[in-house]
Amino acid sequence: MSYQRARRRPSRAGAAGCAALVLALLAPLAGCGPAGSPPATARFPDVQRMLDTRARAVERQDAAGFLASVDPRAVGYRDRQRAMFAHLKGVPLADWHYDLDSADAFPLPAGGDRTRLAAKVRLRYRLKGFDTAPVHAVQYLTLTERDGRWLISSDTDGAAAGRSGTRQLWDQGPVKLVRGRYSLVLGGGAQRARLKDLAHRVDRAVPAVSAAWKGKWSQKVVVEAPDTVEGMAQLMGSDDPSGYAGIAAVTTGEAGVSTTAPADRVIINPDAYEELNDLGRRVVLTHETAHVATRTATTPATPLWLSEGFADWAAYRGIRRKAALTAPELTRAVAAGKLPARLPTDEDFGFKAGADRLAKAYEGSWLACRMIAEKWGEAKLLAFYRAAGRSATQVSAGGAGAPIEAASSATAASSRSRPATPAARPGERPKARAERTDHAMRTQLGVSMAEFTRQWRAFVRKQLAR
């Protein structure tokens, strides 16, 4: 069984006096069946043909053709699908496809005398002018055979088994669009002024990130702004909005892969985002944009202190502000004689880390990247970032080794920022991963991790004592 890597990366707005935020979640896990069995598309070609016809109807804006794939006896579902199709009007779609991943993805409710399938279907779509690769979203659909034809009769039967899938904005209601120079903002029924403000802020964030990250990237950002935190959770494939309380933004994508990876989205939590002040909103959107820019250079080998620290460094790079104000939790710890003994670990960003520990992890990571930029130069910070995440290199006594493969596991998240421990290579010890980071540091900065940590502790003490 093989999976695409899923990872969540956190972000923060602590310096703006706000709750910690968030970043990242990565692409849906690929479906799989019993070893050696033919793919679902081969076992049920009529189902895939129905899905292909349904997709073409979307591309042609053919409502009747789209509804022809829906079971006419499923009245409620058919009404929702008719509304969803209408909500798509105006959304600039470049293409739209469905792939049948599995035909037995969840337990079906008992009863009924018809042949039914519990299908896992992957939606792939692109937004014209913004996506060079498709977004991937999973749907769990009940298919019913009637008169020799497969029809879709429900998208809720899998919920009891935790198979809710992802509900896009157009599944939630009408969609409004605002275009910026570098941004496309899609929103629900919110005031248009709110969407315009998001587009304006992202248009400012893109040049700021490009000035910090010299690597090639699209310089285009798609933002989704649902009306409620419940809508945000649905965009993340969850029915539980409580897990996103206090999270101002989440960036989705797949780290460490080429430009053929699923497209990124910055998803806004309207409740938490509205609580931020002007600086907090600027920092949040610049931080998230930095994750979009660096996505292809970020791999399972990249320690979270580096990916999060770099995103914060890019966000604060053009802001003149005392370090003690930007890192209040760490400042209090240092004043109390509790200077960190080590760099933040991935576990410090974890589910049970707690708000104070999480804030200090962000702040310490930001100061680590700031120290590299000031002591070795910004070019070296970028070179170290790329070297640390280079998944094709495995450091050992003998030099380069086999590629580091992505492991499975959708990781856990904290109550404030949804971080996760990066997936390690199967069978790999944490020590091996640390050795690769140490190798990258020696190569690019000329110091060992132990020496870097010593210098970082001194830098933290000096910066926060001012």
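Throughout this document, residue positions are counted from 1 along each chain, in the order its sequence is written. Two thresholds apply to this predicted model, a pLDDT of at least 70 for residue-level local features and 80 or more for giving and counting side-chain atom pairs, whereas whole-chain, interface and lining totals are computed over all residues. Note: side-chain values were computed over all heavy atoms of the structure, leaving out hydrogens and water.

Participant: Just give me the short version of the pattern of salt bridges, but keep the residues and values in it.
Facilitator: The rule for a salt bridge is simple: a side-chain nitrogen of Lys or Arg has to be within 4 Å of a carboxyl oxygen of Asp or Glu. The full count for this structure, using the stated rule, is 23 salt bridges. Notably, a salt bridge pairs Asp 71 with Arg 146, separated by 2.9 Å at the nearest N-O pair. Remark: Arg 146 occurs in strand β4 (residues 135-146) and Asp 71 occurs in the loop between α3 (63-67) and α4 (75-87); sequence separation between them is 75 residues. Put simply, Asp 99 and Arg 122 hold a salt bridge, and the shortest N to O gap is 3.8 Å. Of this pair, Asp 99 sits in strand β2 (residues 93-102) while Arg 122 sits in strand β3 (residues 116-127); the two residues are 23 residues apart in sequence, bridging distant segments of the chain. For Asp 99, a relative accessible area of 18% corresponds to the buried category. When salt bridges with common partners are traced through the structure, they connect Asp 99, Asp 101, Arg 122 and Arg 124 into a single cluster. Strands are runs of DSSP state E lasting at least 2 residues, helices are runs of H or I lasting at least 4, and numbering of each runs from the N terminus. Think of it in three bands: residues with accessible area under 20% of the maximum for their type are buried, residues over 50% are exposed, and the middle band is partly exposed, with areas taken using a 1.4 Å probe on protein chains only.

Participant: Quick one: what's the story with the side chain of Glu 224, residue by residue and with numbers?
Facilitator: Inspection of the secondary structure puts Glu 224 in strand β8 (residues 221-225). Here Glu 224 falls in the buried class, since its relative accessible area comes to 4%. We call two residues contacting when some pair of their heavy atoms lies within 4.5 Å. Look past the residues within four positions of Glu 224 in its chain and what remains in contact with it is Tyr 125, Gln 168, Leu 169, Leu 186, Leu 235, Arg 265, Val 266, Ile 267 and Ile 268.

Participant: Got a sec to walk through the pairing of strand β7 (residues 183-187)? Specific residues and values, please.
Facilitator: Judged by how many residues are buried, β7 sits mostly within the fold: five of five residues are covered. Judged by which residues are buried, β7 turns out to be covered on both faces: Ser 183, Val 185 and Gly 187 on one side and Leu 184 and Leu 186 on the other are all buried. Counted between consecutive antiparallel strands, the loop separating strand β6 (residues 176-179) from β7 contains three residues. Direction of pairing for β7 relative to β8: parallel, over a ladder of five bridges. The residue bridging Leu 186 from the neighbouring strand is Glu 224, located in β8. Orient the strands so they point away from the viewer, and a crossover whose first-strand-to-second-strand path over the helix runs clockwise is right-handed. Since β7 and β8 lie parallel, the crossover through helix α6 (residues 192-212) that links them has a hand, and here it is left-handed. In this description, strands pair whenever DSSP reports at least two bridges between them.

Participant: Outline the packing of helix α12 (residues 328-335) against helix α13 (residues 355-375), supporting the account with residue identities and numerical values.
Facilitator: For helices, the fitted line uses only the C-alpha atoms of the stretch in contact; every axis is such a line through C-alpha atoms, and the angle between N-to-C directions lies from 0 to 180 degrees. For the pair α12 and α13, interaxial distance at closest approach is 7 Å and the crossing angle is 95°. The pairing of α12 with α13 is recorded here as roughly perpendicular in orientation. For the pair α12 and α13, contact is made by Pro 328, Glu 329, Leu 330 and Ala 333 and by Asp 356, Ala 359, Lys 360, Glu 363, Gly 364 and Leu 367, respectively. Of the residues belonging to the contact of α12 with α13, the class tally is five nonpolar, one polar and four charged. Roughly parallel covers angles under 35 degrees, roughly antiparallel covers those over 145, roughly perpendicular covers 65 to 115, and oblique covers all other angles. Three residue categories are used. Nonpolar comprises Ala, Val, Leu, Ile, Met, Phe, Trp, Tyr, Cys and Pro, charged comprises Asp, Glu, Lys and Arg, and polar comprises the others, including Gly.

Participant: Describe in detail the pairing of β2, supporting the description with residues and values.
Facilitator: Counted residue by residue, β2 has seven buried out of ten residues, so it is predominantly covered. As defined by bridge partners, β2 adjoins β3 across eight bridges and the pair is classed as antiparallel. Considered in β3, the bridge of Leu 100 is made with Val 121.

Participant: Before we move on, could you go through the packing of aromatic side chains and cite the residues and values that matter?
Facilitator: The relative placement of two aromatic rings is captured by the distance of their centres and the angle of their planes. Pairing of aromatic rings covers Phe, Tyr and Trp, the last counted by its six-membered ring, and requires centre-to-centre distances within 6.5 Å; plane angles under 30 degrees mean stacked, over 60 mean edge-to-face, and any other angle means tilted. Throughout the structure, instances matching the rule amount to 15 aromatic pairs. On the basis of an interplanar angle of 50° and a centroid distance of 5.9 Å, the ring pair of Trp 96 and Trp 170 is categorised as tilted. On the criterion of sequence distance, the pair formed by Trp 96 in strand β2 and Trp 170 in helix α5 (residues 169-172) is long-range, its members being 74 residues apart. Trp 96 sits in the buried class, given a relative accessible area of 2%. Given a relative accessible area of 1%, Trp 170 falls into the buried group. Where Phe 106 meets Tyr 140, the ring centres are 6.3 Å apart and the plane angle is 80°; that geometry is what we call edge-to-face. Within this pair, whereas Phe 106 is found in the loop between β2 and β3, its partner Tyr 140 is found in strand β4, the two being separated by 34 residues in sequence. Both residues of the pair, Phe 106 and Tyr 140, count as buried. Three or more aromatic residues link up through ring pairs in this structure, and these residues are Trp 96, Tyr 98, Tyr 125 and Trp 170. Looking at Lys 375, its charged tip hangs above the ring of Trp 376, at a distance of 5.5 Å from the centre. Consider the ring centre and the ring normal. A charge sits over the ring if Lys NZ or Arg CZ is within 6 Å of that centre and within 35 degrees of that normal. One Lys or Arg, Arg 386, reaches over the ring of Trp 213 and ends 4.4 Å from the middle of that ring.

Participant: Account for the sheet that holds β2, with residues named and values stated.
Facilitator: Read across the open sheet, the four strands follow the order β2-β3-β4-β5; overall the sheet is antiparallel. With one partner strand each, in any of the chains shown, β2 and β5 (149-154) form the two edges of the open sheet. Between one strand and the next, the sheet's axes are offset by a mean angle of 45°, whatever the strand orientation. This element, helix α2 (residues 45-59), spans β2, β3, β4 and β5 of the sheet and lies at about 165° to β2.

Participant: Summarise the confidence of the model for the chain; cite the residues concerned and give the values.
Facilitator: Do not read the predicted coordinates in detail wherever pLDDT is low. Overall, the prediction assigns the chain a mean pLDDT of 83, with 80% of residues at 70 or greater. The pLDDT value expresses, per residue, how confident the predictor is, ranging between 0 and 100. Counting interchain partners and residues more than four positions distant, the pLDDT-below-50 stretch residues 14-33 has 94 contacts. In the predicted structure, residues 392-428 sits below a pLDDT of 50 and forms 96 contacts with residues beyond four places in sequence or in another chain.

Participant: So what about the packing of helix α10 (residues 304-316) against helix α14 (residues 378-388)? Which residues, and what values?
Facilitator: At a minimum axis distance of 11 Å, the contact between α10 and α14 shows a crossing angle of 145°. Crossing angle aside, the handedness with which α10 passes α14 is left-handed. For the pair α10 and α14, the contacting residues are Trp 305, Leu 306, Ser 307, Phe 310 and Trp 313 in the first and Glu 378, Leu 381, Leu 382, Phe 384, Tyr 385 and Ala 388 in the second. Looking at side-chain class alone, the contact of α10 with α14 contains nine nonpolar, one polar and one charged residues. Note on convention: near helix rotated counterclockwise from far helix by under a right angle means a left-handed crossing. Clockwise means right-handed.

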